[in-house]
Amino acid sequence: MTGSLTILRAGPGMTVQDLGRPGWLEYGVSRGGAADRLALAEGAALLGQVADLAAVEMAGLGGEFQADSDLRIALTGAPMRASIDGTAVAWNASHLLPAGARLTIGAAQSGSYGYLHVGGGFQTPEHLGARSAHLAAGIGAALAEGDVLVTGPDSGRGTGLGLTPENRFEGGTVRVVASLQTALFPQAELERFEGTVFRRGARGNRMGVPLESDGEGFRPDGARTVVSEVIVPGDIQVTGDGTPYVLLSECQTTGGYPRIGTVVPCDLPLLAQAAAGAELHFRFIPLEEAVGLERAEAERCEGLRSRCYPLIRDPRSMTNLLSYQLISGVIAGEEDVL
Amino acid sequence: MAEERAAPPVPEIRTVGVDGMLVSFGSRLSEPANRAALAFRAALAEASWDGVEEVSTSLVSAYVRFDLRHLDHAALRARLEALLAQRDWYAAALPGQRRLWRIPAVFGTDLAPQLPQAAEAAGMTEAEAVASLSAARVRVQTIGFAPGQPYLGELPEAWDIPRQSQLTTRIPEGALAVAIRQLVLFSVATPTGWMHAGQTAVRLFRPDAEEPFLLRPGDEVQFTPVTPEELQGLRRDPLGGAKAEELS
């Protein structure tokens, strides 16, 4: 059975995102998809469903939503204050949103992108085989007040699960590998890059984020004549003034600026989520090590479901306490907690 | 120039990020390297090896993205080397089903304000520049940067002019811009370092159309000068007056 969710209020930059649309690089369309792909895997684990369903991505600010039918929902990514009909609910958790209930989501408390998932995923129209909005490419549009999002058939059951996320919301150390043009930078510049404390610039978006630092810009040796070459998410492009710029999911597909290295994909959520001003450090690792990390991360994502645990609720916030079966304050996992 | 007639460079295989490999047929743009890249990509698509997720081309190279759980770098490199050894890719023919597109364009005026600057950089008068740019039959060497957006070349030697060091804040959709012996026809509004010498009304990417992309690599393009008034009339047509004929 399908349902729907009405948007009563939308923060700017709120879009529908899935894993993106691979296969169109040849025609100049980058894969796009969720800025924080790990958040999609977490939402899928919390709802017990596949990870390629579409969710709502909220850029820094949430909104207000009303369920038009009973919906299972999950909240992941940048932690935001959330409540259902005025009662606070946990982030990184799944909940029942009953028909007619209002879900209110505030600003990100840390990080940049929060996600609202529903059982069955959102069934908005597909373009080139995916539902992701790709605003830079002119595909889809930002969500706005009054939009009604149809949800897919939900074959899953149960809510009231929580998941402890990888903390990727406050900056930190990002691992990179050497890539196509790393060798254009003198060894001393690469070492200085590794030794620099960067801050995530304020102008970042789904295409990429600038890295600010107090020192000089980074200079390749005579790289003005680099032939335009394929770009992948995670590439760290160094623009004319020497500022590194990390490309994210909605990046362009080719470019002529030299790239000093490429962020290892499993560390990319940390970069996408770093809020403006968050400190970032970069460390080169060998390709073989990066391959090992990626394989381990893929396995970890597949095992996320087994890491979900039943939510423990604070009895003081429960207005209908007597209607619950309470065993040491733990709600049995099968029950809906609202 | 003696270097131009020298044997083509040997293809080079490099890694791209963690899960990609690139076969480059040259370190600078040349006709044989571009043909080699297009032909090698077609061969990769046809081979459709297990674990390969996506293939594409840029100006002089073919890119492969693969699934690290089903393929490793050593195995992929060995396959790429074996495929490279099968033939002389630099001597490859252009892809089949090519078309010649004639696209109306306004050169100069306030619709394309950098024509004077571009003409001066190329050592021509504005009239000479318009004549040269509209006489050139350029080829789609690759599509990239933005959806459906072609890199078109190669222009006569005089157009070997650099990109600007300062970016233009916003070049509009349909803009025709020139640098380094190439034209780029912009499919979206974006900042750029290329010089805005012409303006068209063509829409290169229509996500809801049955065929979302107008141009294919290998297609040829010639720009026909029109007046701003004529261009205004063409804006109602999604093709902006562009007409195609099949090339055998």
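Before reading further, recall that the structure is shown in the block above.
My aim in this report is to walk through the structure given alongside it, one point at a time.

About the thresholds
Residues numbered from 1 in each chain as written. Chains lettered and ligands numbered in written order. Predicted model: local features only at pLDDT ≥ 70, side-chain atom pairs only at ≥ 80, totals over all residues. Heavy atoms only, no water. Pairing = 2+ DSSP bridges. Helix = DSSP H or I, 4+ residues; strand = E, 2+ residues; numbered from the N terminus. Axes fitted to C-alpha atoms, helices over the stretch in contact; angles between N-to-C directions. Contact = heavy atoms within 4.5 Å. Core = buried A, V, L, I, M, F, W, Y, C linked by side-chain atoms within 4.5 Å. Buried < 20%, exposed > 50% of the residue type's maximum accessible area, 1.4 Å probe, protein only. Buried area = accessible area lost by both parts, 1.4 Å probe. Salt bridge = Lys/Arg side-chain N within 4 Å of Asp/Glu carboxyl O. Polar contact = N/O pair within 3.5 Å; in protein donor to acceptor, adjacent residues only side chain to side chain. Nonpolar A, V, L, I, M, F, W, Y, C, P; charged D, E, K, R; others polar.

## Quick look at the sheet that holds strand β3 (residues 52-57) of chain B
Residues and elements named next belong to chain B.
Then, in step 1: Judged by pairing direction, the sheet is antiparallel, and its 4 strands sit side by side in the order β1-β2-β4-β3 without closing on themselves. Looking at strand neighbours, the two that pair on one side only are β1 (12-16) and β3, the edges of this open sheet. Within the sheet, the average angular offset between the axes of one strand and its neighbour, ignoring direction, is 20°.
Then, in step 2: Helix α2 (residues 31-47) contacts β2 (20-24), β3 and β4 (61-66) of the sheet and is inclined by roughly 160° relative to β3.

## Digging into the nonpolar core
Then, in step 1: Counting 44 residues, the largest nonpolar core has F25, F40, L44, L76, L80 and W89 of chain B as the members making the most contacts within it.
Then, in step 2: Mapped onto this core, the elements with two or more residues apiece are α4 (287-302) of chain A together with β2, α2, β4, α3 (73-84) and β9 (175-179) of chain B.
Then, in step 3: Counting residues per element, this core draws most heavily on α2 of chain B, which supplies 7 residues.
Then, in step 4: Setting aside residues up to four positions removed in sequence, W89 of chain B forms contacts with F25, R35, A36, A39, F40, A43, L83 and L84 of chain B.

## A closer look at the interface of chain B and chain A
Then, in step 1: Taken together, the contact pairs 44 residues of chain B with 39 residues of chain A.
Then, in step 2: Here chain B and chain A share an interface that buries about 3400 Å² over both sides, 60% of which is from carbon and sulfur atoms.
Then, in step 3: Broken down residue by residue, the surface that chain B buries against chain A is led by V18, F145 and F213 of chain B, which jointly contribute 17%.
Then, in step 4: Summed over the shared surface of chain B and chain A, the result is 2 salt bridges.
Then, in step 5: With a closest N to O distance of 3.4 Å, E26 of chain A and R41 of chain B form a salt bridge.
Then, in step 6: Taken together, chain B and chain A are joined by 16 residue pairs in polar contact (both at pLDDT 80 or more).
Then, in step 7: At the level of elements, β1, β2, β3 and β4 of chain B are the ones that each hand at least two residues to the side of chain B that touches chain A.
Then, in step 8: Ranked by residues supplied to the side of chain B that touches chain A, first place goes to β3 of chain B with 4 residues.
Then, in step 9: Taken together, the residues of the side of chain B that touches chain A break down into 23 nonpolar, 12 polar and 9 charged.

## Details of the pattern of salt bridges
All names here are of chain A.
Then, in step 1: What the rule picks out here adds up to 27 salt bridges over all chains.
Then, in step 2: Residue E297 pairs with R300 through a salt bridge whose shortest N-O separation is 3.3 Å. Taken together, the residues E297 and R300, both in helix α4 and 3 residues apart, mark about one turn of the helix.
Then, in step 3: Salt bridges linked by common partners bring R9, E64 and R102 together as one network.

## Examining the pairing of strand β4 (residues 63-67) of chain A
All names here are of chain A.
Then, in step 1: With respect to burial, β4 is a largely interior element, 4 of its 5 residues being buried.
Then, in step 2: As judged from the 5 bridges shared by strand β1 (residues 3-10) and β4, these two strands associate in the antiparallel manner. By the bridge assignment, I7 is partnered in β4 with F65.

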